[in-house]
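# Geometric and topological summary
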Amino acid sequence: MKLSSQIKPISYLKAHAAEIVRNMGAQREPLVITQNGEAKVVIQDIESYEQTLETMALLKILALGNRQIEAGKVEPAADVINRLREHRSGR
């Protein structure tokens, strides 16, 4: 994805809003809107946004897991499986 081709001034957004919304889903690329020459906002289609949120959630889970490993807060998988089996059979 070449972001430089997806940078537009706010005046372009104002003049082409309907067209931008129509094309967002098909292009699946974010659009950077500038104001006074500075990047101010990013517009993206809803599917890409949801995918970004899911990816960030997974990365947070991985980071948490890595911190737990570094802190020594781990148990052998066999112990956890046995404990779960015992809990399930105790119902």
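Just so you know, the residues in each chain are numbered from 1, in the order the chain's sequence is written. Only residues with pLDDT of 70 or above have their local features reported here, since the model is predicted, and side-chain atom pairs are shown and tallied only from 80 upward, although totals for entire chains, interfaces and linings are computed over all residues. Just so you know, side-chain values use all the structure's heavy atoms and leave hydrogens and water out.

## Looking at the pattern of salt bridges
- A pair is scored as a salt bridge if a Lys or Arg side-chain nitrogen falls within 4 Å of a carboxyl oxygen belonging to Asp or Glu. Applying the stated criterion across every chain, the model contains three salt bridges.
- Between arginine 28 and glutamate 47 there is a salt bridge whose closest N-O contact spans 3.1 Å. Within this pair, whereas arginine 28 is found in the loop between helix 1 (10-27) and strand 2 (31-35), its partner glutamate 47 is found in helix 2 (residues 46-70), the two being separated by 19 residues in sequence.
- Between glutamate 75 and arginine 83 there is a salt bridge, with the nearest N and O atoms lying 2.8 Å from each other.
- For the exposure calls, accessible area comes from a 1.4 Å probe over protein chains only, and a residue counts as buried if that area is under 20% of its type's maximum, exposed if over 50%, partly exposed in between. Residue classification places glutamate 75 among the partly exposed positions, given a relative accessible area of 47%.
- Salt bridges linked by common partners bring Arg28, Asp45 and Glu47 together as one network. Only DSSP runs of H or I covering at least 4 residues are called helices, and only runs of E covering at least 2 are called strands; the numbering of each starts at the N terminus.

## Thoughts on the sheet that holds strand 1 (residues 7-9)
- By definition, two strands form a pair when at least two bridges between them are found by DSSP. Ordered by their spatial adjacency, three strands build an open sheet running 1-2-3, and the pairing between neighbours is mixed. The open sheet has two edge strands with one neighbour each: strand 1 and strand 3 (38-43). On average, adjacent strands in this sheet sit at an angle of 35° to one another, irrespective of strand direction.
- In this sheet, strand 3 lies alongside strand 2 in antiparallel orientation, the contact comprising five bridges. Each residue of the ladder has a partner; that of isoleucine 33, found in strand 3, is valine 41. Axis definition: a line fitted to C-alpha atoms, over the contacting stretch in the case of helices. Angles run 0 to 180 degrees between N-to-C directions.

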